[in-house]
Amino acid sequence: MEHILITGASSGIGKVFAEEYASRGNNLILVARSREKLDALANTLSNTYGVDVRTFQQDLSFPDSAEKVFDFCKREQLVVRTLVNNAGFALDGAFDAQPLESHEKMITLHTLTLIKLTYLFLPEMKHRNQGEILNLSSITAFQGIPYNAVYAATKAFVLSFSESIREELKDSGIRILALCPGLTETDIFDKTGIDPHKTLMPVGPPEQVVKAAINALQKNKLYTVPGFANKILVQSGRLLPRSVMLKLAMVLNRRKKSKIKHSQPNDPLQTP
Ligand SMILES: NC(=O)c1ccc[n+]([C@@H]2O[C@H](COP(=O)([O-])OP(=O)(O)OC[C@H]3O[C@@H](n4cnc5c(N)ncnc54)[C@H](OP(=O)(O)O)[C@@H]3O)[C@@H](O)[C@H]2O)c1
């Protein structure tokens, strides 16, 4: 039975992906740490749309977590047609004010787990000569972002990795898309204490992001930046010197060096 596997499906963009894909009649595998949220969503979607929805509780910030997801799918004999590598979190503040463990978890979740899931599910997609891999990057992938240093670096990694393997796989029937949203109204901000509306950046709904992504995947695009203002911002990075873009990031995010708190942030790594 063919399924779409979505990591980080318990809230935000991942949850909207689950709702959108289920409404189009797709079977789903939902992965995240919050078992109750996943099960509630699975019940709602299977009752509403009559699709098969499986859940798998897993903290994906451990190096061996991708194998556990893969083993679950093998055990249940689930064929993953589309892989949505969406799970992620943000940290806010100076690089050296964050616990090193938080950086490690972010790097593992955003990069290593994403790579491993791609690696593990790819052979079957190649064998079937079809498949889709949608990787959550960000507009932060296009430049350094002061006070979100590791986050921006991991998202640049995702964009670069996605572009490279897309070219490697161009004759395979497998589509690879890097999704690069700007600020999107989700729980990610509650968890970090950032108020996106206090920045000068546009803030969009997750539904817009998901529609843009599915549309871009259908058109077999390399990457997509949802929202006109975000597109302009990314394009301006091609024209302006990188040093200017760094200053612009400080202004748009209303960062004042003198006001940056160096206290420990809320710990978004706790299992909810
Ligand atoms: N919101 C934005 O402005 C924005 C912009 C650009 C890119 N993005 C990217 O979009 C993706 C989704 O973020 P979102 O905005 O939708 O945030 P969100 O509402 O906080 O959702 C994040 C999802 O990731 C899961 N997750 C977090 N840590 C996890 C872990 N260690 N193991 C397994 N699952 C984990 C969460 O589930 P549990 O807590 O239940 O584990 C949740 O389902 C992220 O990759 C983010 O970087 C977001």
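Residues numbered from 1 in each chain as written. Predicted model: local features only at pLDDT ≥ 70, side-chain atom pairs only at ≥ 80, totals over all residues. Heavy atoms only, no water.

- The protein appears in an unreviewed UniProt entry as Short-chain dehydrogenase from Prosthecochloris marina.
- Check the Sequence similarities (unreviewed entry) section of the UniProt entry for the protein; it says "Belongs to the short-chain dehydrogenases/reductases (SDR) family." (UniProt positions renumbered as here; feature names shortened; annotations may be inferred.)

### Regarding the pattern of salt bridges
- Taken as a whole and assessed by the stated rule, the structure comprises nine salt bridges.
- Note that Arg81 is salt-bridged to Glu2, the shortest N-O span being 3.7 Å. Of this pair, Arg81 sits in strand β4 (residues 79-85) while Glu2 is found in strand β1 (residues 2-7), placing the two residues 79 residues apart along the sequence.
- The exposure class of Arg81 is partly exposed, given its relative accessible area of 22%.
- A salt bridge links Glu2 to Arg128, with the shortest nitrogen-to-oxygen separation between them at 2.3 Å. Separated by 126 residues along the polypeptide, Glu2 in strand β1 and Arg128 in helix α4 (residues 100-128) bring together distant segments of the chain.
- Classification of Glu2 by relative accessible area gives partly exposed; the value is 31%.
- Residue class for Arg128 comes out partly exposed when judged on its relative accessible area of 27%.
- Shared partners join several salt bridges into a network, and the residues in it are Glu2, Arg81 and Arg128. (Salt bridge = Lys/Arg side-chain N within 4 Å of Asp/Glu carboxyl O. Helix = DSSP H or I, 4+ residues; strand = E, 2+ residues; numbered from the N terminus. Buried < 20%, exposed > 50% of the residue type's maximum accessible area, 1.4 Å probe, protein only.)

### Section: the sheet that holds strand β6 (residues 174-179)
- In spatial order, the strands read β3-β2-β1-β4-β5-β6-β7; together these seven strands make up an open sheet with parallel pairing. Both outer strands of the open sheet, β3 (53-57) and β7 (223-224), are each paired with one neighbouring strand and no more.
- Looking at chain direction, β1 and β4 are connected through five bridges and run parallel. The residue of β4 that forms the bridge with His3 is Val80.
- With respect to the sheet, helix α2 (residues 35-49) is in contact with β2 (28-32) and β3, its orientation differing from that of β3 by roughly 175 degrees. (Pairing = 2+ DSSP bridges. Contact = heavy atoms within 4.5 Å. Axes fitted to C-alpha atoms, helices over the stretch in contact; angles between N-to-C directions.)

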